[in-house]
Amino acid sequence: MSDASAVQRVLARVAQGDAVPVACASEGLACQQDVVVDAHYDGKPVCTVTLPWVVAGHAILFADASVTATVAQERLASLASALAMPVCVVPRAA
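Residues numbered from 1 in each chain as written. Predicted model: local features only at pLDDT ≥ 70, side-chain atom pairs only at ≥ 80, totals over all residues. Heavy atoms only, no water.

Caption draft 1: Broad picture of the layout of surface pockets. Here the largest pocket is characterised by a volume of approximately 280 Å³. What lines the largest pocket is a set of 14 residues, and nearest its centre among them are A63, D64, A72, Q73 and V89. Only strand 3 (58-64) and helix 3 (69-82) provide two or more residues apiece to the lining of the largest pocket. The biggest single contributor to the lining of the largest pocket is helix 3, with six residues. (1 Å grid on protein atoms, 1.4 Å probe; cavity = no way out; pocket = protein on both sides within 12 Å on 5 of 7 lines; lining within 4 Å. Points joined across faces, edges and corners; volume = space filled by probe spheres on them. Helix = DSSP H or I, 4+ residues; strand = E, 2+ residues; numbered from the N terminus.)

Written as structure tokens, this is what we have:
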């Protein structure tokens, strides 16, 4: 079983309303809550970021439906480039 496939299944379950720990347990994946990591720019740490969840080395973030899709994509791209891990976004109703 691929961790990436399992992470995708966790994301799908969370998007349908499952709690992150419950979704991770169903896939046998470890998860950590409120993980503090360094964000980098030009190879240097610039600030710390608290990620709500990290699942199998993937940062899990929640998108607010009140933010336009283009703005959300720009924010995601910026954050993904600053973190040393894959970033996954789960849509969330406003």
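Caption draft 2: Geometry of the environment of H58. The residue H58 is located in strand 3 in this model. Residue class for H58 comes out buried when judged on its relative accessible area of 15%. For H58 and M85, which are 27 residues apart along the polypeptide, the C-alpha to C-alpha distance reads 6.0 Å. Those residues in contact with H58, other than ones at most four positions away along the chain, are V7, W53, M85, P86 and C88. Reaching out from H58, the side chain makes a polar contact with the backbone oxygen of A56 at a distance of 2.9 Å. (Buried < 20%, exposed > 50% of the residue type's maximum accessible area, 1.4 Å probe, protein only. Contact = heavy atoms within 4.5 Å. Polar contact = N/O pair within 3.5 Å; in protein donor to acceptor, adjacent residues only side chain to side chain.)

Any functional reading would require information that these geometric values do not contain.
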